[in-house]
Structures are given as C-alpha cells and as structure tokens.
Amino acid sequence: MSRVLAVYSEKGGVGKSALSAGLVAAARQRHLRVIAGDLDPRGTFTSELGISEAPAFSMNDLLALDPQGETGLAADAFADAGEAWSGVQVIAAERALANRETDNVAVGLEFRLRLGLKGVVGPGKIGILDLPPRAGGKLVTSALVAATDVIIPATLDEDGRIGAKEALATIKLVKDLGMNPDLRIVGIVPSIVPGGRNTLKDAIGKYLADTYGPLYRDDLSIPRHSVRQQTRFACVPISDAPGREAAALTDAYGRILTAAGVEA
C-alpha cells in the first residue's frame with residue numbers, strides 16, 4: 001500500500017521538520033523515491049531539502065487552484081531537491097501559503113492535496129508531509145486528509161506534552177468527521193531526547209506512557225545530537241554524515257519508517 005506520512009504537533013520547536021527530513025534521508029537509504037510536501041509557510045523543510053527559492057508552482061498553488069476533479073495534479077508542483085538529496089521531489093512551501101488558511105473561495109480546499117497526490121505516490125515511492133504547528137486549520141487538515149499515517153514528535157518537556165495532546169484532538173476530529181477515517185497514528189515519538197538522567201524528561205515520558213499507553217513509542221526515541229543541527233545547516237541528509245551520532249539518528253528514523261509499515 002502507498003504510504004503518505006504526516007509529521008504533526010501543535011507546538012513548535014519539537015522537531016517536526018527535523019524528523020520529516022530524517023525520514024526522507026532514511027527512505028532514500030531504502031532506495032525509495034520520495035515526494036516531500038511542505039505545508040508550513042515558514043518553509044523550514046523546503047529549505048533543508050536544498051530549495052532556496054519557491055518554484056513557479058508550489059504547495060500554495062496546488063491548494064489554491066480548482067483541480068476540476070483531476071488526479072495527480074501534485075506532479076505539476078514537483079521541484080527537484082538539492083544535489084545532496086537526489087531522487088527527492090519537493091512540493092515547496094512559500095510565505096503566501098499562509099493565505100490558504102483564510103481562503104473562503106477555494107471550495108473543498110482540504111481535499112485538494114489528497115486528490116492531487118492520487119496516483120502519484122505509488123509503488124517504490126513514499127510521501128512525507130511536514131505540517132505547521134497549528135491547532136487545526138486548512139493546511140493541517142489538508143495534510144491529515146491526504147495522509148495514511150501520522151507521527152507525533154514530542155520533546156520530553158511541557159511543549160512536547162501539550163503539542164501531542166492537542167495534535168491527538170485534531171486528528172480525532174478529522175477521523176470522527178469522516179474526512180479520513182482510516183488515518184493511522186504511528187505513535188507519539190520522543191524527540192530530541194537528551195542523554196543521561198533528567199528528572200523532567202523522565203516525568204514527562206512517564207506521563208505520556210501512562211496517559212496514552214501503546215501510542216507512546218519510547219522504542220522509537222530520537223536522540224539529541226549536535227550533528228543533526230550541522231546537517232540541517234548544510235542542507236544534507238543525516239544519512240550522509242560520518243560518525244556514530246549520525247548513524248544513531250539514521251537508525252532512529254529508519255525504525256520509525258518500519259513502524260509506519262514502510263519497507264524498501
């Protein structure tokens with residue numbers, strides 16, 4: 001089955017874009033062709049994938065245009081990622097994408113990304129969507145309607161806890177309204193986890209485990225390593241970086257892909 005993974009939390013700074021790019025890197029290692037969609041007007045994900053200027057046709061245009069029942073329209077928005085990310089196609093974000101939140105003209109806007117991706121994400125391909133840190137809204141809903149699976153990164157602090165709680169509420173609403181009843185939650189994934197003992201880290205982790213049971217995936221924990229910031233700045237995949245820390249992060253992203261049912 002084709003997989004489209006959405007990375008979502010309703011708090012910023014919890015590692016959404018870092019996780020999205022890490023999943024792209026791990027998918028490339030599995031020789032999958034990746035379609036990376038950026039729904040955050042800040043464009044952090046777009047920039048890390050080596051696109052410095054918005055292409056002529058972007059995520060904003062894809063959501064603004066009436067597809068008139070067309071499928072596969074997303075292919076018109078594909079831009080090749082930077083040289084280090086060969087094989088990755090990007091549906092880029094731009095600041096104007098924020099206008100779609102208040103767009104009352106585009107009928108059915110929340111379903112346009114799913115329609116646009118139909119037939120585009122097929123065998124040997126995977127879609128990875130980076131969502132903005134918002135409480136619902138048209139951009140978040142568009143991604144959750146288009147996705148098959150959603151991953152919730154949570155730093156083990158108060159922001160991570162709140163972001164996960166609110167994200168689950170929005171996901172439930174999308175499912176309950178019948179907009180995407182089959183959307184699967186891969187799990188709440190501990191993100192940017194510091195090493196060693198930490199009282200707050202341990203307390204938040206226990207709270208998430210006690211509150212959400214098997215949805216809390218401590219086995220998929222993403223460690224905090226400085227090399228991740230270095231590769232983000234350099235706009236290169238973590239899988240291309242040398243050293244044990246880069247290998248540990250690449251392994252963590254690979255385990256999350258496996259948990260989502262993504263294989264080579």
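Residues numbered from 1 in each chain as written. Predicted model: local features only at pLDDT ≥ 70, side-chain atom pairs only at ≥ 80, totals over all residues. Heavy atoms only, no water.

K.L.:
Looking at this structure, how should I read the sheet that holds strand β1 (residues 3-7)?
P.N.:
Hydrogen bonding along the main chain pairs the strands of a sheet, whether they run parallel or antiparallel. Strand order in this open sheet of seven strands is β3-β4-β2-β5-β1-β6-β7, and the pairing throughout is mixed. At either margin of the open sheet sits one strand with a lone partner, and together these are β3 (78-80) and β7 (184-190). Each adjacent strand pair in this sheet contributes to an overall mean axis angle of 25 degrees, direction not counted. Along the sheet, helix α9 (residues 244-259) contacts β1, β5 (125-130), β6 (149-154) and β7; its crossing angle with β7, the most-contacted strand, is approximately 160 degrees. (Pairing = 2+ DSSP bridges. Helix = DSSP H or I, 4+ residues; strand = E, 2+ residues; numbered from the N terminus. Axes fitted to C-alpha atoms, helices over the stretch in contact; angles between N-to-C directions. Contact = heavy atoms within 4.5 Å.)

K.L.:
How do you make sense of the pattern of salt bridges when you look at a structure like this?
P.N.:
Here the idea is simple: oppositely charged side chains can pair when their charged atoms come close. Scanning the entire structure with this criterion turns up 14 salt bridges. In this structure, E158 and R161 form a salt bridge, with 2.8 Å as the shortest nitrogen-oxygen distance. In this pair, E158 and R161 both sit in helix α6 (residues 158-176), three residues apart, roughly one turn of the helix. Since its relative accessible area comes to 40%, E158 is described here as partly exposed. With a relative accessible area of 18%, R161 lands in the buried category. Among the salt bridges present, the one from D210 reaches K206, with a minimum N-O distance of 2.7 Å. Remark: K206 and D210 occur in helix α7 (residues 199-212); sequence separation between them is four residues, near one turn of the helix. (Salt bridge = Lys/Arg side-chain N within 4 Å of Asp/Glu carboxyl O. Buried < 20%, exposed > 50% of the residue type's maximum accessible area, 1.4 Å probe, protein only.)

K.L.:
How should helix α5 (residues 138-146) be read in this particular structure?
P.N.:
The periodicity of an α-helix, 3.6 residues per turn, causes residues three or four positions apart to be oriented the same way. Along α5, nine of the nine residues are buried, which leaves the element largely enclosed by surrounding structure. Those residues of α5 that sit buried are K138, L139, V140, T141, S142, A143, L144, V145 and A146.

K.L.:
Is there a simple way to think about the environment of L131 in this case?
P.N.:
Along the polypeptide, L131 turns up in the loop between β5 and α5. Taking the C-alpha atoms as reference, L131 lies 8.2 Å from S17; in sequence the two are 114 residues apart. Discounting residues that sit within four places of it in the chain, L131 has contacts with A6, V7, Y8, K16, D40, V140, A143 and L144.

K.L.:
What am I meant to see in unusual backbone geometry here?
P.N.:
Most peptide bonds adopt trans geometry, and most residues besides glycine take a negative phi value. A positive phi angle, near 60 degrees, is found at H31, a position not held by glycine. Relative to the elements of secondary structure, H31 occurs in the loop between α1 (16-29) and β2 (33-38). Positive phi, normally seen in glycine, also occurs at I192, with a value near 50 degrees. Examined against the element boundaries, I192 turns out to sit in the loop between β7 and α7.

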